[in-house]
Amino acid sequence: MQQEHLFKVLVIGDLGVGKTSIIKRYVHQIFSQHYRATIGVDFALKVLNWDNHIVIRLQLWDIAGQERYGNMTRVYYREAVGALIVFDVTRASTFDAVPKWKDDLDTKVTLSNGKHVPAVLLANKSDQSRDGLSTQIPKLDTFCKENGFVGWFETSAKDPEQLLR
Ligand code: GDP
Ligand code: MG
């Protein structure tokens, strides 16, 4: 018998960090320079055939437009079981905003067992040079421990082969 699990995963972070691009890359394997900043919430579904018995449907919630206010409503966060918090390695201000997004998440939603929703930090646009963030990125392990992230990854929605090291 097949088991299906539906997981709501939020993708949050400042405007322009690449949230929509990461979702499009992950779900549709495409990249575009221009995604319209539609107002509202967008969903994308990533189906993972975990094994012969388990199908996982990741419902990725993309915020469009509201991120410019730096926080979201409780309704948006409701029943999320995971979050990706994204910053842009070429813009230090988007990294400075990360603790604020983490705090917004933690104050507005918890898992049914009362624990914080697990959050992963994404250092996006890592195909570009890390303007202003070259000293922070090597310290992200410590940053994650101090700020309650389960871990972090360098990502590039544009060109995953071109991660600069
Ligand atoms: P959002 O506002 O967080 O949803 O950001 P978007 O996904 O709309 O991306 C904002 C801009 O950054 C767009 O012009 C994207 O093409 C560009 N972008 C997104 N991800 C990357 C990346 O990994 N590398 C580069 N070089 N540009 C990216
Ligand atoms: Mg977007």
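These lines cover the structure that appears in this document, whether it is placed above or below.

Cut-offs and rules
Residues numbered from 1 in each chain as written. Chains lettered and ligands numbered in written order. Predicted model: local features only at pLDDT ≥ 70, side-chain atom pairs only at ≥ 80, totals over all residues. Heavy atoms only, no water. Helix = DSSP H or I, 4+ residues; strand = E, 2+ residues; numbered from the N terminus. Buried < 20%, exposed > 50% of the residue type's maximum accessible area, 1.4 Å probe, protein only. Polar contact = N/O pair within 3.5 Å; in protein donor to acceptor, adjacent residues only side chain to side chain. 1 Å grid on protein atoms, 1.4 Å probe; cavity = no way out; pocket = protein on both sides within 12 Å on 5 of 7 lines; lining within 4 Å. Points joined across faces, edges and corners; volume = space filled by probe spheres on them. Nonpolar A, V, L, I, M, F, W, Y, C, P; charged D, E, K, R; others polar. Near = heavy atom within 4 Å. Areas by Shrake-Rupley, 256 points an atom, 1.4 Å probe, with all protein chains shown as cover.

## Re the environment of Thr-135
Move 1: Considering the arrangement of structural elements, one finds Thr-135 in the loop between strand 5 (119-124) and helix 5 (140-147).
Move 2: According to the relative accessible area criterion, Thr-135 is exposed, its value standing at 51%.
Move 3: The spatial distance from the C-alpha of Thr-135 to the C-alpha of Arg-25 is 28 Å, given a sequence separation of 110 residues.
Move 4: Polar side-chain contacts of Thr-135 include one of 3.0 Å to the side chain of Gln-136.

## A short note on the layout of surface pockets
One water molecule sets the probe size; rolling that probe over the atoms shows where empty space is left.
Move 1: Within this model, the second largest pocket holds a volume of roughly 500 Å³.
Move 2: Val-9, Tyr-26, Leu-58, Leu-60 and Leu-84 are the residues nearest the centre of the second largest pocket, which is lined by 22 residues in total.
Move 3: Secondary-structure elements contributing two or more residues to the lining of the second largest pocket are strand 1 (3-12), helix 1 (19-28), strand 3 (54-64), strand 4 (82-88) and strand 5.
Move 4: Broken down by class, the residue content of the lining of the second largest pocket amounts to 18 nonpolar, three polar and one charged.

## Points about the site of ligand 1
Move 1: As a matter of local geometry, ligand 1 sits amid 19 residues, with Gly-16, Lys-19, Ser-21, Gln-33 and Asp-127 nearest to it.
Move 2: Contact distances for ligand 1 include 2.8 Å between an oxygen atom and a backbone N or O atom of Gly-16.
Move 3: Between ligand 1 and the protein, one listed contact pairs an oxygen atom with a backbone N or O atom of Ala-157 at 2.8 Å.
Move 4: Isolated, ligand 1 exposes 580 Å² of accessible area, and the fraction of that covered by the protein chains is 85%.
Move 5: Broken down by element, the shell around ligand 1 gets its largest block of residues, three residues, from helix 1.

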